[in-house]
Amino acid sequence: MKELSFKVLIRFGAYFVVFLALLLFAVLVFKSSATFKSFGIGFIFDSVWDVNKGHFGGGAAIYATLLSTALAMIFALPVALGVGVFLTHILAKRFRAFFSICIELLAAIPSIIYGMWGFLYFVPLVGSIFGGSGVGLLASAGVLAIMILPLIACVSKDAINAVPKSVVESAYALGATRAQVLCSVVLPRAKTGILAGAILALARALGETMAVVFLMGGVLKVQPSLVEPASSIALTIALQFGEAMSNPAHESALFALALILFVISALCSSGVRYVFK
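Rules used in this analysis
Residues numbered from 1 in each chain as written. Predicted model: local features only at pLDDT ≥ 70, side-chain atom pairs only at ≥ 80, totals over all residues. Heavy atoms only, no water. Phe/Tyr/Trp six-rings, centres within 6.5 Å; stacked < 30°, edge-to-face > 60°. Helix = DSSP H or I, 4+ residues; strand = E, 2+ residues; numbered from the N terminus. Buried < 20%, exposed > 50% of the residue type's maximum accessible area, 1.4 Å probe, protein only. Contact = heavy atoms within 4.5 Å. Patch = residues over 30% accessible without salt bridge, like charges linked within 9 Å, V, L, I, M, F, W, Y side chains within 5 Å. Areas by Shrake-Rupley, 256 points an atom, 1.4 Å probe, with all protein chains shown as cover. Salt bridge = Lys/Arg side-chain N within 4 Å of Asp/Glu carboxyl O. Core = buried A, V, L, I, M, F, W, Y, C linked by side-chain atoms within 4.5 Å. Expected span 1.5 Å × (residues − 1). Axes fitted to C-alpha atoms, helices over the stretch in contact; angles between N-to-C directions. Parallel < 35°, antiparallel > 145°, perpendicular 65-115°, else oblique. Left-handed = near helix turned anticlockwise from the far one by under 90°.

Asks: Just to check I follow, could you spell out the packing of aromatic side chains for this structure?
Replies: In this description, a pair of aromatic rings is defined by centroid distance and the angle of the planes. Scanning the model with the defined rule gives ten aromatic pairs in all. Ring centres 5.5 Å apart and planes at 85 degrees place the aromatic pair Phe-98 and Phe-99 in the edge-to-face group. Aromatic pair Trp-117 and Phe-122: ring centres 6.3 Å apart, planes at 25 degrees, arrangement stacked. Taken together, the aromatic side chains of Phe-12, Phe-16 and Phe-19 make up a single cluster linked through ring pairs.

As structure tokens, then:
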């Protein structure tokens with residue numbers, strides 16, 4: 001009886017998660033239908049967003065979201081993987097617990113604190129090096145990379161630690177160097193866990209709002225420079241949703257952006273899994 005109840009509970013939890021995802025998708029489709037009826041598929045590629053004229057295009061927000069996320073992953077993934085390897089196979093054992101706690105604390109810091117820190121210190125640094133105010137995609141990508149780096153590093157560390165010690169010791173016994181063991185034995189076996197960390201970080205970077213409020217600028221325009229103000233999907237929704245409640249067309253356009261972000265997140269997660277399968 002207990003075993004049957006447990007199975008029912010587990011199945012209910014699994015089906016409920018799927019139901020919530022489908023319900024969320026259905027609500028987004030329903031609320032955004034007016035925008036796609038008015039602008040069609042061109043909404044995705046049109047970069048003009050003019051509330052006063054009732055013309056809405058999501059191209060600029062989509063561009064900023066994809067570019068800032070891609071840059072953040074490029075910056076963070078190699079460093080995070082290196083941190084994971086360092087904590088598990090290079091750092092002296094007596095220091096590993098301390099450094100692991102520090103990395104985990106960095107992963108737990110609220111995003112708004114990263115945003116405030118980035119605005120006060122990172123944005124002026126970007127501005128002094130590349131010119132301009134420093135607010136833009138580059139500053140956003142840099143702070144996003146710092147935010148997601150501990151997350152990838154923590155998951156990668158646990159995945160690398162899960163590789164059986166006997167396999168590692170056997171490789172060393174055969175005369176393999178540390179680099180050969182890491183590249184040919186440890187990392188391939190830890191690939192699934194590292195991939196899970198990368199997907200979690202990708203999802204966080206795609207939907208991050210509070211940090212980029214301070215860093216991106218909130219300008220809905222496709223910028224030719226990484227140091228010019230821009231606006232991601234999440235930032236656009238956060239800044240405009242309050243005023244859009246009295247304008248059905250504006251509200252529908254924001255829901256259309258939310259639907260696009262939902263689809264992008266799903267496609268990116270599925271695509272990463274397929275590439276590394």
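Now that the structure has been shown, we can carry on.
Asks: What should I look at first to understand the side chain of Thr-65 in this one?
Replies: Within the fold, Thr-65 resides in helix 3 (residues 59-90). For Thr-65, a relative accessible area of 1% puts it in the buried group. Among all residues touching Thr-65, those that are not within four sequence positions of it are Leu-206, Ser-232, Ile-233 and Leu-261.

Asks: Any chance you could explain a nonpolar patch on the surface here in plain terms?
Replies: Where nonpolar side chains cluster on the molecular surface, the patch consists of Leu-9, Phe-12, Phe-16, Phe-19, Leu-20, Leu-23 and Val-27 and spans about 680 Å² of accessible area. Within the secondary structure layout, Phe-12 lies in helix 1 (residues 2-39). Residue classification places Phe-12 among the exposed positions, given a relative accessible area of 54%.

Asks: Quick question: what am I supposed to make of the nonpolar core here?
Replies: Counting 53 residues, the largest nonpolar core has Phe-43, Trp-49, Ile-148, Met-216, Ile-233 and Leu-257 as the members making the most contacts within it. Taken together, the elements giving at least two residues each to this core come down to helix 3, helix 5 (111-130), helix 6 (137-161), helix 9 (191-207), helix 10 (210-215), helix 11 (233-244) and helix 12 (248-275). A total of twelve residues in this core trace back to one element, the largest contributor, which is helix 6. Residues in contact with Ile-148, not counting those within four places in the same chain, are Ala-72, Met-73, Ala-76, Ala-201 and Ala-205. Formed by twelve residues, the second largest nonpolar core is a distinct cluster that contains Ala-159, Ala-171, Val-181 and Val-186.

Asks: Honestly, helix 9 in this entry has me stumped. Any pointers?
Replies: Residues separated by three or four positions in an α-helix point in the same direction, a consequence of the helix having 3.6 residues per turn. For helix 9, spanning 17 residues, the distance from its first C-alpha to its last is 24 Å, which sits close to the expected 24 Å at 1.5 Å a residue. Those residues of helix 9 not exposed but buried are Ile-194, Leu-195, Gly-197, Ala-198, Ile-199, Ala-201, Leu-202, Ala-205 and Leu-206.

Asks: Teacher, can you tell me more about the packing of helix 3 against helix 4 (residues 93-108) here?
Replies: Each pair of packed helices can be described by the angle between their axes along with the distance between the axes. Closest axis-to-axis distance for the helix 3/helix 4 pair is 10 Å, and the angle between their directions is 160 degrees. Of the possible angle classes, the one that applies to helix 3 and helix 4 is roughly antiparallel. Crossing of helix 3 against helix 4: the hand is left-handed. Two secondary-structure elements touch here, helix 3 through Val-83, Leu-87, Thr-88, His-89 and Ile-90 and helix 4 through Arg-96, Phe-99, Ser-100 and Ile-103.

Asks: Sorry, what's going on with the pattern of salt bridges here?
Replies: Two side chains bearing opposite charge may form a pair once their charged atoms approach each other closely. Counted by the stated rule, this structure contains two salt bridges. Here Glu-251 and Lys-31 are joined by a salt bridge, their closest N and O atoms 3.6 Å apart. Residue Glu-251 is located in helix 12, and its partner Lys-31 is located in helix 1; the two are separated by 220 residues in the primary sequence. A residue is classified by how much of its surface remains accessible, and Glu-251, at 15% relative accessible area, is buried. Of the charged contacts, one joins Lys-157 and Asp-158 as a salt bridge, the two residues approaching to 3.2 Å between their closest N and O atoms. Take Lys-157: its relative accessible area is 8%, and that puts it in the buried class.

By themselves these figures say nothing about function.
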